[in-house]
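Below are the chains, spelled out letter by letter.
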Amino acid sequence: MTETTMFPEGFLWGGATAANQVEGGYAEGGKGLSVQDVLPHGGIGSPRSRRPTPENLKLEAVDFYHRYAEDIALFARMGFKTYRFSIAWSRIFPRGDEAEPNEEGLAFYDRVLDELERHGIEPLVTISHYETPLHLAEAYDGWTSRELIGFYERYARVLLERYGSRVTYWLTFNEINSLLHAPFMSGGIDTPREELSEQALYQAMHHELVASARVTRMAREVAPAARIGCMVLSMPVYPLTPDPADALSVMQADHRNLVYGDVHVRGRYPGYFLRTLREEGIELEITEQDREDLTHTVDFVSFSYYMSVCESADPERREPGRGNILGGIPNPALEASEWGWQIDPVGLRLVLNQFWDRWQKPLFIVENGLGAKDELVEVDGVRTVLDDYRISYLRDHLLQVGEAIRDGVEVLGYTAWGCIDLVSASTAQLSKRYGFIYVDRDDDGGGTLERYPKKSFDWYAEVIRTNGASLTE
Ligand code: BGP
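Below, the structure is looked at part by part. (Residues numbered from 1 in each chain as written. Predicted model: local features only at pLDDT ≥ 70, side-chain atom pairs only at ≥ 80, totals over all residues. Heavy atoms only, no water.)

## Some points on the pattern of salt bridges
Stage number 1. Applying the stated criterion across every chain yields a total of 38 salt bridges.
Stage number 2. Note that Glu 285 and Arg 146 form a salt bridge whose closest N and O atoms lie 2.7 Å from each other. Here Arg 146 lies in the loop between helix H5 (134-140) and helix H6 (147-163) and Glu 285 lies in the loop between helix H10 (271-279) and helix H11 (288-294), a separation of 139 residues in the sequence.
Stage number 3. Several salt bridges share partner residues, and in doing so they unite Glu 103, Asp 110, Asp 114, Glu 117, Arg 162 and Arg 166 into one network. (Salt bridge = Lys/Arg side-chain N within 4 Å of Asp/Glu carboxyl O. Helix = DSSP H or I, 4+ residues; strand = E, 2+ residues; numbered from the N terminus.)

## Side note on the environment of Leu 113
Stage number 1. Checked against the element boundaries, Leu 113 lands in helix H4 (residues 103-118).
Stage number 2. Relative accessible area serves as the criterion here: at 3%, Leu 113 is assigned to the buried category.
Stage number 3. When the C-alpha atoms of Leu 113 and Ser 165 are compared, they prove to be 11 Å apart, with 52 residues separating the residues in sequence.
Stage number 4. Every residue in contact with Leu 113, bar those within four places of it in the chain, is listed here: Phe 85, Pro 123, Tyr 163, Arg 166 and Val 167. (Buried < 20%, exposed > 50% of the residue type's maximum accessible area, 1.4 Å probe, protein only. Contact = heavy atoms within 4.5 Å.)

## Some remarks on H6
Stage number 1. The end-to-end C-alpha distance of H6 is 25 Å, a good match for the 24 Å that 17 residues give at a rise of 1.5 Å each.
Stage number 2. Of the residues making up H6, those classed as buried are Leu 148, Ile 149, Phe 151, Tyr 152, Glu 153, Tyr 155, Ala 156, Val 158, Leu 159, Leu 160 and Tyr 163. (Expected span 1.5 Å × (residues − 1).)

## Re the nonpolar core
Stage number 1. With 138 residues, the main nonpolar core has Phe 75, Trp 170, Phe 303, Leu 352 and Tyr 460 as its most contacted residues.
Stage number 2. With 11 residues, the single largest contributor to this core is helix H8 (residues 198-222).
Stage number 3. Leave out the neighbours within four places in its chain, and Phe 303 touches Met 231, Val 232, Ser 234, Leu 348, Val 351, Leu 352, Phe 355, Leu 363, Phe 364, Ile 365, Val 366 and Glu 367. (Core = buried A, V, L, I, M, F, W, Y, C linked by side-chain atoms within 4.5 Å.)

## Focus: unusual backbone geometry
Stage number 1. The phi angle at Tyr 130 is positive, at roughly 55 degrees, despite the residue not being glycine.
Stage number 2. Here Tyr 130 is to be found in the loop between strand E3 (122-128) and H5.
Stage number 3. Among the residues examined, Tyr 130 registers a relative accessible area of 4% and is labelled buried.
Stage number 4. Although it is not a glycine, Glu 175 sits at a positive phi angle of roughly 40 degrees.
Stage number 5. In this fold, Glu 175 is placed in the loop between strand E4 (169-173) and helix H7 (183-187).

## Looking at the site of the ligand
Stage number 1. Lining the immediate environment of the ligand, one finds 14 residues, of which Glu 175, Ala 425, Ser 426, Lys 432 and Tyr 434 sit closest.
Stage number 2. A distance of 2.8 Å separates an oxygen atom of the ligand from a polar side-chain atom of His 129.
Stage number 3. Bound to the protein, the ligand loses 97% of the 370 Å² it would expose on its own.
Stage number 4. In terms of residue class, the shell around the ligand is built from 6 nonpolar, 5 polar and 3 charged. (Near = heavy atom within 4 Å. Polar contact = N/O pair within 3.5 Å; in protein donor to acceptor, adjacent residues only side chain to side chain. Areas by Shrake-Rupley, 256 points an atom, 1.4 Å probe, with all protein chains shown as cover. Nonpolar A, V, L, I, M, F, W, Y, C, P; charged D, E, K, R; others polar.)

## Section: the sheet that holds E4
Stage number 1. The parallel closed barrel is built from 8 strands, whose spatial order is E1-E2-E3-E4-E5-E7-E9-E12. Strand-to-strand twist of the sheet, defined as the mean angle between neighbouring strand axes without regard to direction, takes the value 25 degrees.
Stage number 2. Pairing of strand E9 (residues 363-367) with strand E12 (residues 411-417), which is carried by 3 bridges, proceeds in the parallel orientation. Note on E12: the bridge partner recorded for Leu 363 is Val 411.
Stage number 3. Against the sheet, H8 touches E3, E4 and strand E5 (227-234), its axis set at about 155 degrees to E4.
Stage number 4. Its contacts with the sheet put helix H12 (residues 345-359) on E5, strand E7 (300-305), E9 and E12, and the angle it makes with E7 is roughly 160 degrees. (Pairing = 2+ DSSP bridges. Axes fitted to C-alpha atoms, helices over the stretch in contact; angles between N-to-C directions.)

## Remarks on the packing of helix H13 (residues 388-406) against helix H14 (residues 455-465)
Stage number 1. The N-to-C vectors of H13 and H14 enclose an angle of 25 degrees; their axes lie 9 Å apart at closest approach. The orientation of H13 relative to H14 falls into the category roughly parallel. Of the two elements, H13 crosses H14, and the hand of that crossing is right-handed. In this structure, H13 uses Asp 388, Arg 390, Ile 391, Leu 394, Arg 395 and Leu 398 to contact H14, whose residues at the interface are Lys 455, Ser 456, Trp 459 and Val 463.
Stage number 2. A class-by-class count of the residues in the contact of H13 with H14 yields 5 nonpolar, 1 polar and 4 charged. (Parallel < 35°, antiparallel > 145°, perpendicular 65-115°, else oblique. Left-handed = near helix turned anticlockwise from the far one by under 90°.)

## A word on the packing of aromatic side chains
Stage number 1. A complete count under the given rule lists 33 aromatic pairs for this structure.
Stage number 2. Centroid distance Phe 64 to Tyr 83: 6.2 Å. Interplanar angle 50 degrees. Geometry classified as tilted. Linking Phe 64 in helix H2 (residues 64-77) with Tyr 83 in strand E2 (residues 82-86), this pair joins segments that are 19 residues apart in sequence.
Stage number 3. For Phe 64, a relative accessible area of 3% gives the class buried.
Stage number 4. Under the relative-accessibility criterion, Tyr 83 is labelled buried at 0%.
Stage number 5. Arranged with centres 5.1 Å apart and planes meeting at 70 degrees, the rings of Tyr 140 and Phe 151 form a pair that is edge-to-face. (Phe/Tyr/Trp six-rings, centres within 6.5 Å; stacked < 30°, edge-to-face > 60°.)

## A few points about the pairing of E3
Stage number 1. Of all the 7 residues making up E3, 6 are buried; the element is thus mostly covered by neighbouring parts of the structure.
Stage number 2. Here E2 pairs with E3 via 5 bridges, running parallel. Following the sheet pairing, Phe 85 is matched in E3 by Val 125.
Stage number 3. Two strands pair when backbone bridges link them, and E3 and E4 are joined in this way by 4 bridges, in the parallel orientation. Bridge pairing in E4 places Thr 126 opposite Leu 171.

## Observations regarding the pairing of E9
Stage number 1. In terms of residue burial, E9 counts as a mostly covered element, since 5 of its 5 residues are buried.
Stage number 2. Here E7 runs beside E9; their pairing, made up of 4 bridges, is parallel. Its bridge partner being in E9, Ser 302 is matched across the sheet by Phe 364.

## Quick word on H10
Stage number 1. Within H10, burial applies to Tyr 272, Phe 273 and Leu 277. Taken down its axis, H10 places every buried residue within 145 degrees of arc, on the same side. Residues Arg 278 and Glu 279 are exposed on H10 and point more than 90 degrees away from its buried face.
Stage number 2. Where the residues of H10 are buried, they touch H8, helix H9 (244-266) and H12. (Arc of directions from axis to C-beta.)

Listed below in structure tokens is the structure:
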């Protein structure tokens, strides 16, 4: 490691996607419906439909289901060391509660892994990324039911047995801390938010934490080489003013976010969380077996990072969040993306240091990027996107990752979110693009689905080739 290449040897550079946002083929290969198939307008606060409707872009998404080989070849051209993708639970267990898995679904991911292996790309697999089978939502009310633990365990066992010798890095639940904020998308909880008791929501959270720990334990037996990580949505919180009361609300907001990582890393609920439960009159059903299960802790912590927010003790100063899952007050010192997500590269260094200081576990940045509108243009007869804004966002953030590494933080890798354009989780638009690869599809579902490398494609390839040294050139 030199001062110009602050990234350690073997750093896992790559990109990330989720099945429901790229695959399409929503009813092919024996796949059942997932909660995403009935969320035509995105997962935050928008209504679900009764059944899939043609306006839902996720039904076809960007057709990775048929074009995975071509897409993985493009990732390889950028030199990806790793590719984070999720397995659609409803491809493997179409309803979620069957006894036997769907072989056609399993065979699809065999083929994806074959392609990755051909190109020497390390897979990083999310077991559940906002894709609960719809039947589990409708028949069990999702994760409010303890039965989901068993269904999830059965699903995870099938994956570990089938792919455990080929996949080292696994994430149990995407952004597990979004459950309380997006109960249907994140936890398959069908009861409308306004009718849901806090009791039921916290119980659902407990079920997911137990399920995650049980799968961590199972992996030690079924796939001993596997490394299991949790995945949390990270969001640095700053006090809106230096008033100690604001600093206290920052601590409390942090606690609401960090409790998930605390349990995954420390194996038990922290005192501040037990206090919240007591004060809100919530009594969780926690069995002796649950307590034992929770002691099976993760190997590493992974997280998404997009933005920071401010907090205030003064309810008058609070504003409703603008598009992001956790809400928060906009920071007057920062600029925002076209979707109102505030851009804060230094926040990434802060989060890396905070997590490292708190947990002393290797960290993996598995999502980061800029959602922006792109324009396809022709340069020397080649169609492309001149996305200097994306390059500068990513460069600024990666430089801060480098700073954190210099601070002594152990970082395993970085996977840029939506390395190929995909359907947004919060708004279900295609025009909110993150990719290095442009996909010709618009918000009305029109377009050829052709792929075009953007300017950022070559830029990222050079970052990877030089292991980060080109960032400072
Ligand atoms: C995270 C999700 C991803 C992804 C990303 C960007 O919350 O894990 O699935 O979509 O945010 O958000 P959006 O798609 O809403 O722009």
